[in-house]
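# Notes for the structure review
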Amino acid sequence: MSAAIIITLCSLLLFAYLFDFTSAKTKIPSVILLLLLGWLVRQFSMVMKINIPSLSGLLPILGTIGLILIVLEGSLELELNRSKLSLVKKSVVVALVPMIVLALLMAWAFTYFGNSTFKDGITNALPLCVISSAIAIPSVKNLARQNKEFVIYESSLSDIFGVVLFNFFSFKSVFQMESIGMFILQILLIIVISFFSTVGLSLLLKKIEHPIKFAPIILLVILIYEVSKEYNLPALVFILLFGLFLGNLDELKRFSWINKLRPEILNKEVAKFKELIVEATFLIRSLFFLLFGYLIETAEILNTKTLVWAICIVAGIFVLRAILLKLSNLPLMPLLFIAPRGLITILLFFSISPIQSIPLVNRSLVVQVILLTALVMMYGLMKHKKEKPIKDQVEIKEILALE
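Residues numbered from 1 in each chain as written. Predicted model: local features only at pLDDT ≥ 70, side-chain atom pairs only at ≥ 80, totals over all residues. Heavy atoms only, no water.

All told, the structure shown has 7 salt bridges when counted by the stated rule. For Arg321, the salt bridge identified is with Glu154, shortest N-O distance 2.4 Å. Separated by 167 residues along the polypeptide, Arg321 in helix 14 (residues 304-327) and Glu154 in helix 7 (residues 145-171) bring together distant segments of the chain. Just as Arg321 is buried, Glu154 falls in that class too. (Salt bridge = Lys/Arg side-chain N within 4 Å of Asp/Glu carboxyl O. Helix = DSSP H or I, 4+ residues; strand = E, 2+ residues; numbered from the N terminus. Buried < 20%, exposed > 50% of the residue type's maximum accessible area, 1.4 Å probe, protein only.)

Structure representation (structure tokens):
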């Protein structure tokens, strides 16, 4: 039995690698193929009457670890300098404004049609408003650098804003000035914790001479995240700041205390650390979506009662996105289509307490929204022509001008 499990897992993960490897050619996001593969495994096990114990308890664990690794991987890729300030501002606006507007509209609809309170409506709406960095970031690795950077910033910030707002609305029973003040204090506190934790972890990364040095760093990152989350702090802020710090040591050299960390030595360790994070992220992300696909029931996909709601929500997502991209002077193609829902949506949905849950927002609706947004993204990436880097575009324009 154990041999069969090992063979199955290895085979599925090799398929996941094949999907990831060929996604640049096929333009099909690997997450769609992973969900389909997981679903097919379930159908096969049912036909063959293979008794598999319940695996649903593993989903939140894999999801949490996957979210940490994905945001960390994305933040390690980002450049932190003044030239990126405009891009960051636009990312904040496009990530936050549609989320708030869509959450308010859905909360009103859930209150009107679902007989829920407005607070419960927002709590149930927010999971559906968050862009999944777990799907978005891997899907744009073949786009031009400026579009890829925007998606990394936007999807990572969307995860952070979504989690922060969800925690605020789900844990606060009454909204008063005191609760808003506490919320701001929590933000400031996690920034302070992030600063000291980041410096401490960087020192460990530089000083540890034992052959095993990256595993304890990753474990400490997960530990700090979970402890912060237990105290209702926006723990993803720490992950983002930690990744930005490690990935931009050269940009921070102007601060004298940074030189004490010996950036020229630390950069070599960061490069190795980054390679490990990329490999670990692939494994955890693949396992998560394979498991989620396995847990999807066919009836949830074909549920006509929630399909109309799902289509309306997806339409609202892309209409609001088009408006914000246009107002921010960002290209509609292919950015308009890259707004998938996924890992963070599932995690937040499972975090809704039974008292706050409403019948309209069920597993069927969540699954349908995730699949529809992933299909829209696949269509957009397939229709979009391969982009050339900005440098190449400038050189072409200069040649044409000379002619």
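The next point concerns the nonpolar core. Grouped together as the largest cluster of nonpolar side chains are 124 residues, with contacts concentrated most on Ile239, Phe242, Phe273 and Phe289. Ranked by residue count, the leading element in this core is helix 12 (residues 263-295), at 13 residues. (Core = buried A, V, L, I, M, F, W, Y, C linked by side-chain atoms within 4.5 Å.)

Met333 connects to Pro334 through a cis peptide bond whose omega is 0°. In this structure, Pro334 sits in the loop between helix 14 and helix 15 (343-351). Phi at Lys49 is positive, roughly 55°, even though this residue is not glycine. Mapping Lys49 onto the fold places it in the loop between helix 2 (30-47) and helix 3 (58-77). One non-glycine residue, Asn329, adopts positive backbone phi at about 55°. With respect to the helices, strands and loops of the structure, Asn329 is situated in the loop between helix 14 and helix 15. Here Asn329 falls in the exposed class, since its relative accessible area comes to 67%.

Let us now look at the side chain of Thr123. Along the chain, Thr123 falls in helix 5 (residues 118-125). Among the polar contacts made by the side chain of Thr123, one reaches the main-chain carbonyl oxygen of Lys119 at a distance of 3.0 Å. Apart from residues lying up to four places away in sequence, Thr123 is in contact with Phe166, Phe169, Ser170, Ile352 and Gln356. (Polar contact = N/O pair within 3.5 Å; in protein donor to acceptor, adjacent residues only side chain to side chain. Contact = heavy atoms within 4.5 Å.)

As for its placement among the helices and strands, Leu102 is situated in helix 4 (residues 85-114). Residue classification places Leu102 among the buried positions, given a relative accessible area of 6%. Between the C-alpha atoms of Leu102 and Arg145, which are 43 residues apart in sequence, the distance is 29 Å. In this structure Leu102 touches Leu128, Cys129, Gly316, Ile317, Leu320 and Arg341, once residues within four positions along its chain are discounted.

Time to look at the confidence of the model for the chain. Summary statistics for the chain give a mean pLDDT of 83 and a share of 92% for residues scoring 70 or more. No element of the chain has a lower mean pLDDT than helix 17 (residues 390-402), which averages 41, and none a higher one than helix 14, which averages 93. When the criterion is pLDDT under 50, residues 389-403 qualifies, and its contacts beyond four places in sequence or with other chains add up to 3 contacts. (pLDDT = per-residue confidence, 0-100.)

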